[in-house]
Amino acid sequence: YYEVFVYSFCDSDGDGIGDLKGLTSKLDYLQDLGITGLWLMPIHPSQSYHKYDVENYYDIDPAFGSLETFDKLVEECHKRGIKLIIDLVLNHISSQNPLFSKAAAEVARGNLNGNARYFEIHENDYFSRDTQVLPLGSKYSCEANFSTVMPEWNLNSKQTREEFTKIAKFWLDRGVDGFRLDACKFYTNKTTNGTEFLTWFMKTCRGINPEVYVVGETWSDDSDIAELYKSGIDSEFAFKFATTTGSISQSLMTQKGMALVAKVKNYDKKMADANPKEINAMFLSNHDQVRLSNTFESKGLDWQKFAASVYMLFPGNSFTYYGEEIGMTSPATTGDENFRTPMVFDSDNMPEISVEKLGSTFDPPKNGGVEQQLKNKDSLLNFYRRIIKVKLQNPEISRGRITEVCDFDDDSVGAFFTEYDKN
Ligand code: CA
């Protein structure tokens, strides 16, 4: 899978904002890279640049395109054997979403039995002190842990679940192959059991399309991830192995290969105990994290290639964040915008995507953009093309289970067998 922030990927019409048409024009590039799945960060109408506060779950943000350009993208993906999954934000909504505005207006009139039921709206004293809320008048508030412009859905209510069924059906019927679920850790609150909700959601999606693929973001410790795997969700991101401070990076830095393999084996076993069909989802960094090349670029290309091999060759699906394959770096180590800079297809002709909203200027990757690296057989990009091919040609790599950690009497060497029963 390849994670794309549409805003920063490819601008087709010169307005300074990446769009679906631009992304569609780069599908041949992704197919050649070996990508068989695409994850789009939120594409629904929203006032923020990141679009995690959704104003309309049934449309495409006009800056990105329209439902027609989306349908074309789906069609072109499927032509190339690429599955398309979209980000689905079910924990919170935009305060600008009409459904929420209606609820807020009703609550102002003292009516809690209408649209208010969709949301975590309660009397003020319902909330504990450390819960962030959006006040609605003097008596009521809505839970809003992320920000006051992102009030939270009530995942227990019948109305909400009817709405979510409609949303899932809308996109699955359009040909979407699945979803990446945002902020699953926060599904659980005072009255909602996140596992119960996710079990319901998975059952609902499979009722619409039995082949649906769902991957969840539970940025938390093993026990929280294992708990949500009980819902039957296909995959959850393996956060502890990612980022510059995660296990992959740290094991490479300290040359502890054997310990890393043991860690992956233990992690996988824990998750498979919760869901025997789980598919681990490994990555090096995502849109919320500083890019791994910030740490590894100075060490040299071999380090970047090695990090790529490590996460690609462990069991499960690998998720490559756009630009990772050319060694893009983050211009600063804090601020989400700095992790989402424009994709560099040609470093002699830098993208004219507006960094105004991204809030930062940035440098091209040290070894050039896609064009430059395609011409160099030893480039990081060509290494990614080779390692992905290895993974695709040998399904036991992604589908197998680690059955044995081999001891070479040298703890810098990590080696393992995987076993795969294709039946
Ligand atoms: Ca555009």
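Residues numbered from 1 in each chain as written. Predicted model: local features only at pLDDT ≥ 70, side-chain atom pairs only at ≥ 80, totals over all residues. Heavy atoms only, no water.

(A) Layout of unusual backbone geometry. Residues other than glycine seldom take positive phi values, yet K51 does so here, at roughly 70°. Following the sequence through the fold, K51 ends up in the loop between β2 (37-40) and α3 (67-79). At T243, a residue that is not glycine, the phi angle is positive and equals roughly 70°. Along the polypeptide, T243 turns up in the loop between β9 (235-236) and α8 (247-254). (Helix = DSSP H or I, 4+ residues; strand = E, 2+ residues; numbered from the N terminus.)

(B) A look at the sheet that holds strand β6 (residues 140-143). Spatially, β4-β6-β5 is the arrangement adopted by the 3 strands of the open sheet, whose pairing is antiparallel. Each end of this open sheet is capped by a strand with a single partner; those strands are β4 (121-123) and β5 (133-136). In this sheet, adjacent strand axes meet at a mean angle of 35° when their direction is disregarded. Here β4 pairs with β6 via 3 bridges, running antiparallel. The residue bridging I121 from the neighbouring strand is C142, located in β6. Those strands touched by helix α4 (residues 98-108) are β4, β5 and β6, and its axis lies near 50° from that of β5. (Pairing = 2+ DSSP bridges. Axes fitted to C-alpha atoms, helices over the stretch in contact; angles between N-to-C directions. Contact = heavy atoms within 4.5 Å.)

(C) Structural context of the packing of aromatic side chains. As enumerated under the stated definition, the model contains 36 aromatic pairs in all. Ring geometry for Y58 against F170: centres 5.4 Å apart, planes inclined by 90°, an arrangement best described as edge-to-face. Pair noted here: Y58 is in the loop between β2 and α3 and F170 is in helix α5 (residues 158-173), with a separation of 112 residues, a long-range link. Accessibility expressed as a relative area gives 23% for Y58, which makes it partly exposed. The interplanar angle of 35° and the centroid separation of 5.8 Å between the aromatic rings of F197 and W200 together place this pair among those described as tilted. With F197 and W200 both in helix α6 (residues 194-208) and 3 residues apart, the pair spans about one turn of that helix. (Phe/Tyr/Trp six-rings, centres within 6.5 Å; stacked < 30°, edge-to-face > 60°. Buried < 20%, exposed > 50% of the residue type's maximum accessible area, 1.4 Å probe, protein only.)

(D) Representation of the pattern of salt bridges. Taken as a whole, this structure holds 24 salt bridges when the rule is applied. D71 serves as the salt-bridge partner of R174, at 2.8 Å between the closest nitrogen and oxygen. With a gap of 103 residues between them, R174 in the loop between α5 and β7 (178-181) and D71 in helix α3 connect regions that are remote in the sequence. Given a relative accessible area of 29%, D71 falls into the partly exposed group. For E278, the salt bridge identified is with R401, shortest N-O distance 2.6 Å. A residue pair is termed long-range when its members are at least 10 positions apart, and E278 in the loop between α9 (257-274) and β10 (281-283) and R401 in strand β12 (residues 401-406) qualify at 123 residues. Judged by relative accessible area, E278 falls into the buried class, the value being 4%. Residues joined in a network through salt bridges with shared partners are D28, K72, E76, K79 and R80. (Salt bridge = Lys/Arg side-chain N within 4 Å of Asp/Glu carboxyl O.)

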